[in-house]
Amino acid sequence: MDVATAGHRPHNTALLSSLLFLLPTAVLANRHFDIINNCPLSLNLLINSNFEGTLASGGSTTRDFPDVWSGVIYSDFNRGNVDTAGTVRAGFQGTNSYYYIVKDPKWLNVGIHVQPIDRAPRGGFCPSLECRVTAGDCENAFTSQPTTFPAPTSAPPTSPLAQCPQTGTVPAGYRVTFCPDGTIPNYQTRPNNIQPKRDPTNKCVDVQGGVLQNGQPVQIYDCNGTGAQKWVIKRGGQQIMLSGTGYCLDATSANPANGLQMKIWECLPNVPAQQWTYTSDDTIFLTGTNKCLDLTQGSLANGNKVQVWDCAAGNDNQVWII
């Protein structure tokens, strides 16, 4: 028996090898991306929150990802945020060859155009998508990042979702262009006032007396154009810094009590009391808490100190305009 079995081993091995040779070889195809900066200024390129370098005006770069790759391509240019808040971004869901544009409902930092490469639009599939930073020119975009997608069918998906199905062995590639019209009509070069919704014209968040020292109170005061009212702020998570200084809005602790008054303190890295998030509904909350920047008792009187209070939907004392 041992001899007979041993005699069959070479034959079985040869047969198995022949069968494996006949099986189709799995090919992992890559999806190609051309990324172009048509803006008049250089910008940072971000992919899935990762910094991918700086693109000069008129510059371009390429990326190749597996065909099942999903993610977003965008920039934090012009008051956008690395965490994607305040940005317009090109999104891709590789499994079903979906693509789309997402915008922040309150701020369009830069226009973007997405076009399949070497695939002409046909029957509703493979259209070009575009968001321009002008009124009415960015309607076909999601206002938040989609997390679920419909199963593909023989019909194209409903806008703002688009699809360019794979043909043959090569998946569709894409050309992503920033500033498709070559302009940045809303370019921001200066710091901002932070103003209460109750009077977004005449009242500003102000460092009392313009004194730059640790612990100096933060208050409401008539807008006067001074540096005591100029803040570096954008959508998303950040330190809110008084422009041109090393001082930041500070809540004293990582979990302040209701009614604690705000102050400035030297900006320090990774201090929870200085980590704020400016949301798309115009509230500013201490990141990781339910405490919002609050206009104390709703008073617009000069000298009224700004405080934190439990965040509450619909509370105009917690709505701030920049």
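Residues numbered from 1 in each chain as written. Predicted model: local features only at pLDDT ≥ 70, side-chain atom pairs only at ≥ 80, totals over all residues. Heavy atoms only, no water.

### Overview of unusual backbone geometry
Excluding glycine, most residues fall at negative phi; most peptide bonds, likewise, are trans.
And step 1. Following Ser159, the chain continues to Pro160 via a peptide bond in cis, the omega torsion being 15°.
And step 2. Along the chain, Pro160 turns up in the loop between strand E9 (129-131) and strand E10 (162-163).
And step 3. Despite not being glycine, Asp118 shows a phi value in the positive range, around 60°.
And step 4. Assignment of secondary structure puts Asp118 in the loop between strand E8 (112-117) and E9.
And step 5. The phi torsion at Cys126 lies on the positive side, around 60°, for a residue other than glycine.
And step 6. Along the polypeptide, Cys126 turns up in the loop between E8 and E9. (Helix = DSSP H or I, 4+ residues; strand = E, 2+ residues; numbered from the N terminus.)

### Focus on the packing of aromatic side chains
And step 1. Applying the stated criterion across every chain yields a total of 12 aromatic pairs.
And step 2. The interplanar angle of 80° and the centroid separation of 4.9 Å between the aromatic rings of Phe33 and Phe92 together place this pair among those described as edge-to-face. Here the residue Phe33 occupies a position in strand E1 (residues 30-37), and Phe92 occupies one in strand E6 (residues 89-93), the gap between them amounting to 59 residues.
And step 3. With relative accessibility at 0%, the residue Phe33 sits in the buried group.
And step 4. Residue Phe92 is classed as buried on the basis of its relative accessible area of 3%.
And step 5. An angle of 10° between the planes, with centres 5.6 Å apart, marks the rings of Phe77 and Tyr187 as stacked. Note that Phe77 is positioned in the loop between strand E5 (70-74) and E6 and Tyr187 in the loop between strand E11 (173-178) and strand E12 (195-196), a separation of 110 residues in sequence.
And step 6. Taking the ring centre of Trp107 as reference, the NZ or CZ of Arg79 above it sits at 4.2 Å. (Phe/Tyr/Trp six-rings, centres within 6.5 Å; stacked < 30°, edge-to-face > 60°. Buried < 20%, exposed > 50% of the residue type's maximum accessible area, 1.4 Å probe, protein only. Lys NZ or Arg CZ within 6 Å of the ring centre and 35° of its normal.)

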